[in-house]
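Spelled out, the chains give:
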Amino acid sequence: MKIIQYLNEYIEKIILIILLSGMSLIIGVQVFMRYVMKSSLSWSEEIARYMFIWMVYIGISYGVKMKKHIKIDAAVKIFPNKIRKYLYIVSDLIFLVFTIIIILQSEKVAMLILKLGQISPGTGISMGYIYQAVPIGFALVGIRLIQSIVCKVKEIR
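Residues numbered from 1 in each chain as written. Predicted model: local features only at pLDDT ≥ 70, side-chain atom pairs only at ≥ 80, totals over all residues. Heavy atoms only, no water.

**Q** Explain a nonpolar patch on the surface to me, using residue names and the numbers behind them.
**A** On the surface, Ile-27, Val-31, Phe-32, Tyr-35, Val-36 and Met-37 cluster together into a nonpolar patch covering about 600 Å² of accessible area. Looking at the secondary structure, you find Ile-27 in helix H1 (residues 2-35). (Patch = residues over 30% accessible without salt bridge, like charges linked within 9 Å, V, L, I, M, F, W, Y side chains within 5 Å. Areas by Shrake-Rupley, 256 points an atom, 1.4 Å probe, with all protein chains shown as cover. Salt bridge = Lys/Arg side-chain N within 4 Å of Asp/Glu carboxyl O. Helix = DSSP H or I, 4+ residues; strand = E, 2+ residues; numbered from the N terminus.)

Here it is in structure tokens:
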């Protein structure tokens, strides 16, 4: 149970720190190789780009967890406090529906790319693994939205 609680609390942070550190290290090595050693690494920019893509989608989940996404507060604030609580739940439910659609559609695309065998030119990595960032990131978003909805429903009760 402690492992699950730890992962619930820190999974996005851990992944983001690893990706950002790795990306920074790879870019630093590439700069050193290019300007000091006068030789370029063929794979470094591609790997850094793929790490950044994964960071974006994991970051969406982290933003949902921290409640830092842009909201239309002005529209909600015109309603009384009693109704606002329900509007926040409705907005999370709408976001959850959107998330489920994104997961289903992006998984189809990722599986198709895996099936077709498209690989990246510099590294030979299957592009399907890169495209998996979308459904995995949004699956984490879905989990965080469900947690948010449950907390808001408990607050109302």
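**Q** Summarise the packing of aromatic side chains; cite the residues concerned and give the values.
**A** Scanning the entire structure with this criterion turns up 4 aromatic pairs. Each ring, one from Tyr-57 and one from Phe-138, has its centre 6.2 Å from the other, and the planes form 50°; the classification is tilted. Of this pair, Tyr-57 sits in helix H2 (residues 44-65) while Phe-138 is found in helix H6 (residues 133-156), placing the two residues 81 residues apart along the sequence. Each residue in the set Tyr-57, Phe-95, Phe-98 and Phe-138 is aromatic and connected to the rest through ring pairs, giving one cluster. (Phe/Tyr/Trp six-rings, centres within 6.5 Å; stacked < 30°, edge-to-face > 60°.)

**Q** Explain the pattern of salt bridges to me, using residue names and the numbers behind them.
**A** By the definition in use, this model includes 4 salt bridges. Residue Arg-34 is joined to Glu-45 by a salt bridge in which the shortest nitrogen-to-oxygen separation is 2.6 Å. Pair noted here: Arg-34 is in helix H1 and Glu-45 is in helix H2, with a separation of 11 residues, a long-range link. Accessibility expressed as a relative area gives 35% for Arg-34, which makes it partly exposed. As a salt-bridge pair, Lys-152 and Asp-92 come within 2.7 Å of each other at their nearest N and O atoms. Separated by 60 residues along the polypeptide, Lys-152 in helix H6 and Asp-92 in helix H4 (residues 81-116) bring together distant segments of the chain. Judged by relative accessible area, which is 17%, Lys-152 ranks as buried. Residue classification places Asp-92 among the buried positions, given a relative accessible area of 10%. (Buried < 20%, exposed > 50% of the residue type's maximum accessible area, 1.4 Å probe, protein only.)

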